Amino acid sequence: MGKEGLGRFIDHLIQEVDNSIVKEFVESELNKLLRVLESYLKL
Amino acid sequence: MIILLLVEGVTDKIFYEALLKKLYHMSKEDLYVLPNEFIRFINNVKGLSREEERRRRISILKLKDNNVIIIGCGGFKPLTTFLGLFLKYEKVDVLIKKGLKCIIVIMDRDHNPVEVIRSKLASLNIEYSFSNNSFYLKEHGLLIMCIAQGLLHSRSTDQLEDYVKYIASKHYTSIARALQVLKRVLKEGLILNNYL
């Protein structure tokens, strides 16, 4: 799979995947990103 | 308010764009929603002057009055070069006045982002205070936050691929499970039908 194909796959995967899986993933692996965005964007 | 999210490649840009759209229902916007000062800076960066390249490498996401600019810099070295260009930009304070609050730098774990940013700031003679993986640039009142991507396990690639594999395995496992249940139910239905 080329880079373009990988990009399309990633976009498709994130669109399709259940929100709870994304939330669980971000909270465990990208918690810092989440906290910063939420504090700056007042989410 | 504007947040600048710098990532290594276009694939990373696609991943974080999709993630933020999914989590916060952010909308994708044209570059021209940004203040002119930002557009002028971006247009002057080598490799971003062509419209086609800008579209490929930059995404602007909007939520209410806030924008997140995601830039796939074209690799690890181009990312550090971009950050250096940005911090040396003579009008960086204007960009901050126009709403820039924070720069988030996401690099593959094997590139050790904290040390890379630390040495970049030292080479530019920029004073900072450091806490919790974030550099606060006193002179500009700007925060640079470092995130190392990649999972911490023995078979980790220390790259974005870890995240994609993790999410894909969760997603496709649940579909496989659903298909198994469906198959079982259909099979039971067939057996029942044979008795009726």
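All values derive from a computational prediction rather than experimental measurement. (Residues numbered from 1 in each chain as written. Chains lettered and ligands numbered in written order. Predicted model: local features only at pLDDT ≥ 70, side-chain atom pairs only at ≥ 80, totals over all residues.)

### Some remarks on the overall build of chain B
Okay, so step 1: When helices and strands are tallied, chain B shows 7 helices and 8 strands.
Okay, so step 2: Computed over C-alpha atoms, the radius of gyration of chain B comes to 22 Å, more than 25% over the 16 Å expected from 2.2 N^0.38 for 196 residues, which places it beyond the range of a compact globule.
Okay, so step 3: In terms of its C-alpha atoms, chain B occupies a principal-axis envelope of roughly 85 × 40 × 30 Å.
Okay, so step 4: Across the 196 residues of chain B, 32% fall into the buried class.
Okay, so step 5: Intrachain contacts of chain B at a sequence separation of at least 6 include 67% that bridge at least 24 residues. (Helix = DSSP H or I, 4+ residues; strand = E, 2+ residues; numbered from the N terminus. Rg over C-alpha atoms; globule rule 2.2 N^0.38 Å. Buried ≥ 20, exposed ≤ 12 C-beta atoms within 10 Å, placed from the backbone. Contact = placed C-beta atoms within 7 Å.)

### As for the domain arrangement of chain B
Residue and element names in this part refer to chain B.
Okay, so step 1: Taken as a whole, chain B is organised into domain 1 (2-149) and domain 2 (153-196).
Okay, so step 2: Placing a centre on the C-alpha atoms of domain 1 and another on those of domain 2 gives a separation of 38 Å.
Okay, so step 3: Counting residues at the interface gives 7 residues for domain 1, matched by 4 residues for domain 2.
Okay, so step 4: Among the elements that make up the side of domain 1 that touches domain 2, the one with the highest residue count is helix α1 (residues 10-24) (3 residues). (Domains from an automatic or database assignment.)

### Quick look at the pairing of strand β7 (residues 134-137) of chain B
All names here are of chain B.
Okay, so step 1: Of the strand pairs in this sheet, strand β6 (residues 128-131) and β7 are connected by 4 bridges, and their pairing is antiparallel. Within β7, the position partnered with S131 by the bridge is S134.
Okay, so step 2: Here β6 folds back onto β7 in antiparallel fashion, the turn holding 2 residues, of which N132 has a positive phi close to 55 degrees.
Okay, so step 3: In this sheet, strand β8 (residues 142-149) lies alongside β7 in antiparallel orientation, the contact comprising 4 bridges. When the bridges of β8 are listed, F135 appears paired with I144.
Okay, so step 4: Here β7 folds back onto β8, and the loop between the two strands holds 4 residues, one of which, G141, carries a positive phi near 65 degrees. (Pairing = 2+ DSSP bridges.)

### With respect to the interface of chain B and chain A
Okay, so step 1: Taken residue by residue, the interface counts 27 residues in chain B and 23 residues in chain A.
Okay, so step 2: Put simply, the parts of the chain that give the side of chain B that touches chain A at least two residues each are α1, β5 (100-108), β8 and α7 (160-195) of chain B.
Okay, so step 3: With 9 residues, the single largest contributor to the side of chain B that touches chain A is α1 of chain B.
Okay, so step 4: Of the residues that constitute the side of chain B that touches chain A, the class distribution is 20 nonpolar, 4 polar and 3 charged. (Nonpolar A, V, L, I, M, F, W, Y, C, P; charged D, E, K, R; others polar.)

### Notes on the nonpolar core
Most often, soluble globular proteins keep nonpolar side chains buried together rather than apart.
Residues and elements named next belong to chain B.
Okay, so step 1: Counting residues in each nonpolar core, the largest one holds 50 residues, and the members touching the most others are L5, L6, I69 and V105.
Okay, so step 2: Residue contributions to this core peak at 7 residues, all from α1.
Okay, so step 3: Residues from two domains meet in this core; each of domain 1 (2-149) and domain 2 (153-196) gives at least three.
Okay, so step 4: With residues near it in sequence (within four places) discarded, L5 still touches Y16, V68, I69, I70, I104 and I106. (Core = buried A, V, L, I, M, F, W, Y, C linked by C-beta atoms within 7 Å.)

### Describing the sheet that holds β8 of chain B
Residues and elements named next belong to chain B.
Okay, so step 1: The 8 strands are arranged β2-β3-β4-β1-β5-β8-β7-β6 in an open sheet whose pairing can be described as mixed. Each of the sheet's edge strands pairs with one partner strand only, and the pair in question is β2 (27-29) and β6. Between one strand and the next, the sheet's axes are offset by a mean angle of 25 degrees, whatever the strand orientation.
Okay, so step 2: Strand contacts of α1: β1 (2-7), β3 (58-63), β4 (66-72) and β5, with the helix running at about 155 degrees to β4, the strand carrying the most contacts. (Axes fitted to C-alpha atoms, helices over the stretch in contact; angles between N-to-C directions.)

### Concerning the packing of helix α1 (residues 3-16) of chain A against α1 of chain B
Okay, so step 1: Two numbers describe how α1 of chain A lies on α1 of chain B: the axes approach to 9 Å, and their chain directions differ by 10 degrees. When the axes of α1 of chain A and α1 of chain B are compared, the pair comes out roughly parallel. Only V10, T11, I14, F15, A18, L19 and K22 of chain B of α1 of chain B make contact with α1 of chain A, whose side of the interface consists of K3, L6, G7, I10, D11, I14 and Q15 of chain A.
Okay, so step 2: A class-by-class count of the residues in the contact of α1 of chain A with α1 of chain B yields 8 nonpolar, 3 polar and 3 charged. (Parallel < 35°, antiparallel > 145°, perpendicular 65-115°, else oblique.)

### Considering α1 of chain B
Residues and elements named next belong to chain B.
Okay, so step 1: Between its terminal C-alpha atoms α1 stretches 21 Å, which fits the 21 Å expected from 15 residues at 1.5 Å a residue.
Okay, so step 2: Of all the positions in α1, only V10, T11, D12, K13, I14, F15, Y16, E17, A18, L19 and L20 are classed as buried.
Okay, so step 3: Positive phi shows up at H25, right after α1, with a value of about 55 degrees. (Expected span 1.5 Å × (residues − 1).)

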